[in-house]
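# Examination of the molecular architecture
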Amino acid sequence: GDGLGGLRPEGFTAHMRSRGFADSFRRLADMARESPVAIFCAERDPAGCHRRHIAEALEEAGFLVRHIEAPHRLFPVPGDTTGQSTLFPL
């Protein structure tokens, strides 16, 4: 929803302290508890995108986060011990 959208005049980390972010993040977390979810934006690299902040918040809440790099490829996840390098078998 709008509460998780990227470009913010005050900066995204400041936005993360808002009620709008908290409400939207709670809805996202509730959905993620029920089944896998995906969020995306036009920025390919999560390091240069607001998704990295959302991913960090999800990880802090105990969720496993995967960054999709391209079809069938995931960005490495620091601390991941599963060895999973593909999203789907080819």
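Below or above, wherever it landed, is the structure these notes cover. Quick caveat: nothing in here was measured; it's all calculated off a predicted structure.

## Some details on the side chain of arginine 51
- You can see arginine 51 is positioned in helix α3 (residues 51-60).
- One polar contact links the side chain of arginine 51 to the main-chain carbonyl oxygen of glutamate 43, over a distance of 2.8 Å.
- Not counting residues within four places of it along the chain, the set of residues in contact with arginine 51 comprises Ile39, Phe40, Cys41, Glu43, Arg44, Asp45 and Pro46.

## Examining the nonpolar core
- Counting residues in each nonpolar core, the largest one holds twelve residues, listed as Leu4, Phe12, Phe21, Phe25, Leu28, Ala29, Ile54, Ala55, Ala57, Leu58, Phe63 and Val65.
- Those elements that place two or more of their residues in this core are α2 (19-34) and α3.
- Those residues within four positions of leucine 4 in sequence are excluded, and the remaining contacts are Phe12, Phe21, Ser24, Phe25, Leu28, His50 and Ile54.

## Here's the deal with α2
- Along its 16 residues, α2 runs 23 Å from first to last C-alpha, staying within 8% of the 22 Å computed at 1.5 Å per residue.
- Within the sequence span of α2, burial applies to Phe21, Ser24, Phe25, Leu28 and Ala29. One side of α2 holds all its buried residues, which, seen down the axis, span an arc of 140°. When the buried face of α2 is taken as reference, the exposed residues oriented beyond 90 degrees from it are Arg19, Arg33 and Glu34.
- Looking at the buried side of α2, the elements it contacts are α1 (12-15) and α3.

## Quick word on α3
- Residues of α3 that are buried include every one of Arg51, His53, Ile54, Ala55, Ala57 and Leu58, and no others.
- Elements that come into contact with the buried residues of α3 comprise α1, α2 and β1 (67-70).
- Just beyond α3, the residue with positive phi is glycine 62, at close to 95°.

## Remarks on the packing of aromatic side chains
- Taken as a whole, this structure holds two aromatic pairs when the rule is applied.
- With 5.9 Å between their ring centres and 90° between their planes, phenylalanine 12 and phenylalanine 21 make a pair best called edge-to-face.
- Relative to phenylalanine 25, the ring of phenylalanine 21 lies with its centre 5.7 Å away and its plane at 20°, an arrangement referred to as stacked. Placement of the pair is phenylalanine 21 and phenylalanine 25 together in helix α2, with a separation of four residues, close to one helical turn.
- Given a relative accessible area of 5%, phenylalanine 21 falls into the buried group.
- Members of the aromatic cluster, joined through ring pairs, are Phe12, Phe21 and Phe25.

Rules used throughout
- Residues numbered from 1 in each chain as written.
- Predicted model: local features only at pLDDT ≥ 70, side-chain atom pairs only at ≥ 80, totals over all residues.
- Heavy atoms only, no water.
- Helix = DSSP H or I, 4+ residues; strand = E, 2+ residues; numbered from the N terminus.
- Polar contact = N/O pair within 3.5 Å; in protein donor to acceptor, adjacent residues only side chain to side chain.
- Contact = heavy atoms within 4.5 Å.
- Core = buried A, V, L, I, M, F, W, Y, C linked by side-chain atoms within 4.5 Å.
- Buried < 20%, exposed > 50% of the residue type's maximum accessible area, 1.4 Å probe, protein only.
- Expected span 1.5 Å × (residues − 1).
- Arc of directions from axis to C-beta.
- Phe/Tyr/Trp six-rings, centres within 6.5 Å; stacked < 30°, edge-to-face > 60°.

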